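Listed below are the residues making up each chain.
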Amino acid sequence: MDTDVLVIGAGPAGSVAGSILARHHHRVVMLEAGTFPRFQIGESLLPRSNDILAEAGLLDAVVARGYQAKNAALFLQGAVRERFCFAEVFPGQRTQTFQVPRGDFDQTLATTARQHGVDVRFNQRVEAVAFDAGGALVTASDVETEARTQLRARFVLDCSGYGRVLPRLLALERPSVLTPRVALFTWVEGDERPAGDHEGDIWICIHPRGAWAWIIPFSNGRTSVGLVMEPAVYESVPGCDRDRLFKLLFEDENILQRLRRAVPVLKTVKLQAWSSAVERLHGTGWALTGNAAEFLDPVFSSGVTLALESAARAAALVHRSFSGEPVDWAAEYDGVVLKAVGVFKAFVRSWYAGELQRVLLRADKADAIKRSITAILGGYVLDSNNPFVREPERALAALLKLG
Ligand SMILES: Cc1cc2nc3c(=O)[nH]c(=O)nc-3n(C[C@H](O)[C@H](O)[C@H](O)COP(=O)(O)OP(=O)(O)OC[C@H]3O[C@@H](n4cnc5c(N)ncnc54)[C@H](O)[C@@H]3O)c2cc1C
């Protein structure tokens, strides 16, 4: 064997899984197709992600980068605003997290993973994986020279995110149940931010055209702004993507006020149809984590947190199986990851049905209900004390009945 574990991709899932395994003294090679820093979307973390970064020995390096502290999620529609502050969650849950430019964040994680002993190799695109009784033979090619490398590993963790390497190679892709949408986004400088503890809040603005927008402020003075919409809304506005984005953003009074003096500093990016699903999350000698497994939708900023949750869990199970302990991957991995995804899925569906938006914006929620919702928005989707975790569909239906 050239290595114990071959990790595909050096995004947040790859660095967390690699670090946990290397700290257990397993040999880890992490192959990354790109060179860092590189742009990636997914800039607003949830407090739960800080727990997992700490478990992987990565949190201190993240804190040292001085990212913008995020204390709350603020939902806005016209004059109505409702703030979900992470200080108001359950005992033991974190009350703060970060807004992170992903180029810097992912590089910080990968550099720290290397310090933990992960053999990180950039410019290496994984192209083929063949499994046999002994493990896997992984073929990668150097993106610049096209030179091919083959490595034998006992286990392959697919952390390739949007690359979805094993789902494609093993024909595991399944259609998502969510409707395809379009996102346009950029970074700006010069937005007018709220003061004090509210500066780092994520703003989720419910847009008059049935779309929604995010505003995510960074500590470097830049702010990420994006709009998620039905394809028909995108098509209805003429012009280039930047013109479309700002014309639509400025139809919302809250966004107009905040961005009226701001200037874009990044070419507008368009993404569409990002939701994905797979037939299963593991097989003999492999497991899928993060976006390589399932990705829902950006609305509750759950992507990175779910990527870290699945990566940490997969790494812990690989360690246990290398230590000779029996592992029930279906129950202990697929079951748990799909449970976490399922909680957010219920919230995402209800959001786009227009129901959850109405409830989130109501100011008269009972404290216990607000606390339970805030915990979900904080990424604590595996805490069975929370009714929205135990039975998300039922708890949401009961909430909607209240009016
Ligand atoms: C519009 C939009 C907004 C979003 N906003 C948020 C947000 O605010 N907060 C949030 O938490 N999430 C957000 N997300 C989701 C977030 O982008 C992802 O969930 C997150 O990046 C997943 O992390 P990952 O480690 O699984 O994969 P990735 O971040 O995609 O990293 C995977 C890595 O694998 C590498 N790779 C790919 N293919 C190969 C290959 N063949 N060989 C080697 N390496 C390979 C890639 O280069 C990449 O570096 C958003 C998503 C969208 C679409």
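This is a predicted model, so every value here is computed, not measured. (Residues numbered from 1 in each chain as written. Predicted model: local features only at pLDDT ≥ 70, side-chain atom pairs only at ≥ 80, totals over all residues.)

1. A word on the overall build of the protein chain
For the protein chain, the helix and strand inventory stands at 15 helices and 20 strands. Structurally, the protein chain occupies a C-alpha span of about 60 × 45 × 40 Å along its principal axes. Across the protein chain, every contact between residues at least 6 apart in sequence was considered, and the portion connecting residues at least 24 apart equals 73%. (Helix = DSSP H or I, 4+ residues; strand = E, 2+ residues; numbered from the N terminus. Contact = placed C-beta atoms within 7 Å.)

2. Here's the deal with the domain arrangement of the protein chain
The domain boundaries assigned to the protein chain delineate domain 1 (3-40 + 50-67 + 100-175 + 275-340) and domain 2 (182-272). For domain 1 versus domain 2, the separation of C-alpha centres amounts to 31 Å. Taken residue by residue, the interface counts 6 residues in domain 1 and 7 residues in domain 2. Here the side of domain 1 that touches domain 2 is built from residues that sort into 4 nonpolar, 2 polar and no charged. (Domains from an automatic or database assignment. Nonpolar A, V, L, I, M, F, W, Y, C, P; charged D, E, K, R; others polar.)

3. Some remarks on the site of the ligand
Among the 38 residues in the neighbourhood of the ligand, the closest are listed as Gly11, Gly161, Gly163, Gly290 and Gly303. Contributions of two or more residues to the shell around the ligand are made by helix 1 (12-23), strand 8 (124-132), helix 9 (290-293) and helix 10 (303-322). The element that contributes the greatest number of residues to the shell around the ligand is helix 10, accounting for 4 residues. Taken together, the residues of the shell around the ligand sort by class into 19 nonpolar, 16 polar and 3 charged. Among the domains, domain 1 (3-40 + 50-67 + 100-175 + 275-340) and domain 2 (182-272) are the pair contributing at least three residues each to the shell around the ligand. (Near = placed C-beta within 6 Å.)

4. Description of helix 10
Between its first and last C-alpha atoms helix 10 spans 28 Å; for 20 residues at 1.5 Å apiece the expected length is 28 Å, and the two agree. In terms of burial, helix 10 is largely enclosed, as 15 of its 20 residues are buried. In the segment just after helix 10, Gly324 is the residue with positive phi, at about 90°. (Expected span 1.5 Å × (residues − 1). Buried ≥ 20, exposed ≤ 12 C-beta atoms within 10 Å, placed from the backbone.)

5. Looking at unusual backbone geometry
Phe36 connects to Pro37 through a cis peptide bond whose omega is 0°. Note that Pro37 resides in the loop between strand 2 (28-31) and helix 2 (47-55). One non-glycine residue with positive phi stands out, namely Ser301, at about 55°. Position of Ser301 relative to the elements: it lies in the loop between helix 9 and helix 10.

6. As for the nonpolar core
In terms of nonpolar packing, the biggest core is built from 121 residues, with Leu6, Val16, Ala17, Val156, Ala213, Leu227 and Ala311 touching the most fellow members. Mapping this core onto the domain boundaries places at least three of its residues in each of domain 1 (3-40 + 50-67 + 100-175 + 275-340) and domain 2 (182-272). With near-sequence residues (within four places) excluded, Val156 lies in contact with Leu6, Ile8, Val129, Ala136, Val138, Gly285 and Trp286. (Core = buried A, V, L, I, M, F, W, Y, C linked by C-beta atoms within 7 Å.)

7. A short note on the packing of helix 1 against helix 10
Relative to each other, helix 1 and helix 10 sit at 30°, their axes nearing to 8 Å. Classified by the angle between their axes, helix 1 and helix 10 sit roughly parallel to one another. Of the two possible hands of crossing, helix 1 and helix 10 adopt the one that is right-handed. Contacts between helix 1 and helix 10 involve Pro12, Ala13, Val16, Ala17, Ile20 and Leu21 on the former and, on the latter, Val304, Ala307, Leu308, Ser310, Ala311, Ala312, Ala314, Ala315, Ala316, Val318 and His319. By residue class, the composition of the contact of helix 1 with helix 10 is 15 nonpolar, 2 polar and no charged. (Axes fitted to C-alpha atoms, helices over the stretch in contact; angles between N-to-C directions. Parallel < 35°, antiparallel > 145°, perpendicular 65-115°, else oblique. Left-handed = near helix turned anticlockwise from the far one by under 90°.)

8. Some thoughts on the environment of Gln107
Residue position: Gln107 is located in helix 4 (residues 102-115). Classification of Gln107 as partly exposed rests on a count of 18 C-beta atoms within 10 Å. Setting aside chain neighbours within four positions, we find Gln107 in contact with Phe36 and Pro37.

9. Some details on helix 4
Helix length check: helix 4, at 14 residues, gives a terminal C-alpha distance of 20 Å against a target of 20 Å (1.5 Å per residue), a fit within 8%. On its buried face, helix 4 is in contact with helix 1, strand 2, helix 3 (59-64) and strand 7 (119-121). At the C-terminal side of helix 4, Gly117 shows a positive phi close to 115°.

10. Focus: the environment of Gly342
Note that Gly342 resides in helix 11 (residues 329-352). When the C-alpha atoms of Gly342 and Pro392 are compared, they prove to be 8.1 Å apart, with 50 residues separating the residues in sequence.

11. A look at the environment of Cys85
Looking at where Cys85 falls in the secondary structure, it is placed in strand 5 (residues 80-85). Remark: the alpha-carbon pair of Cys85 and Pro387, spanning 302 residues in sequence, is separated by 19 Å. Setting aside residues no more than four positions away along its own chain, Cys85 makes contact with Asn71 and Ala72.

12. Some thoughts on the pairing of strand 9 (residues 135-142)
Each regular strand displays side chains that alternate between the two surfaces of the sheet. Pairing of strand 8 with strand 9, which is carried by 8 bridges, proceeds in the antiparallel orientation. Within strand 9, the position partnered with Ala128 by the bridge is Thr139. Both strand 9 and strand 10 (residues 148-158) contribute to a ladder of 6 bridges, which runs antiparallel. From the neighbouring strand, Ala136 faces strand 10, where its bridge partner is Ala153. Once strand 9 ends, the chain turns through 5 residues before running back antiparallel as strand 10, passing Glu146 with a positive phi of about 65°. (Pairing = 2+ DSSP bridges.)

13. Thoughts on the pairing of strand 15 (residues 222-229)
Extensive coverage of strand 15 is indicated by the burial of 7 of its 8 residues. Sheet topology note: the strand 12 (residues 182-189)/strand 15 ladder contains 8 bridges and is antiparallel. Looking at strand 15, one finds that Val188 is bridged to Thr223. Bridge analysis of strand 14 (residues 212-217) against strand 15 gives 6 bridges, and the strand direction is antiparallel. Bridge pairing links Ala213 to Leu227 in strand 15.

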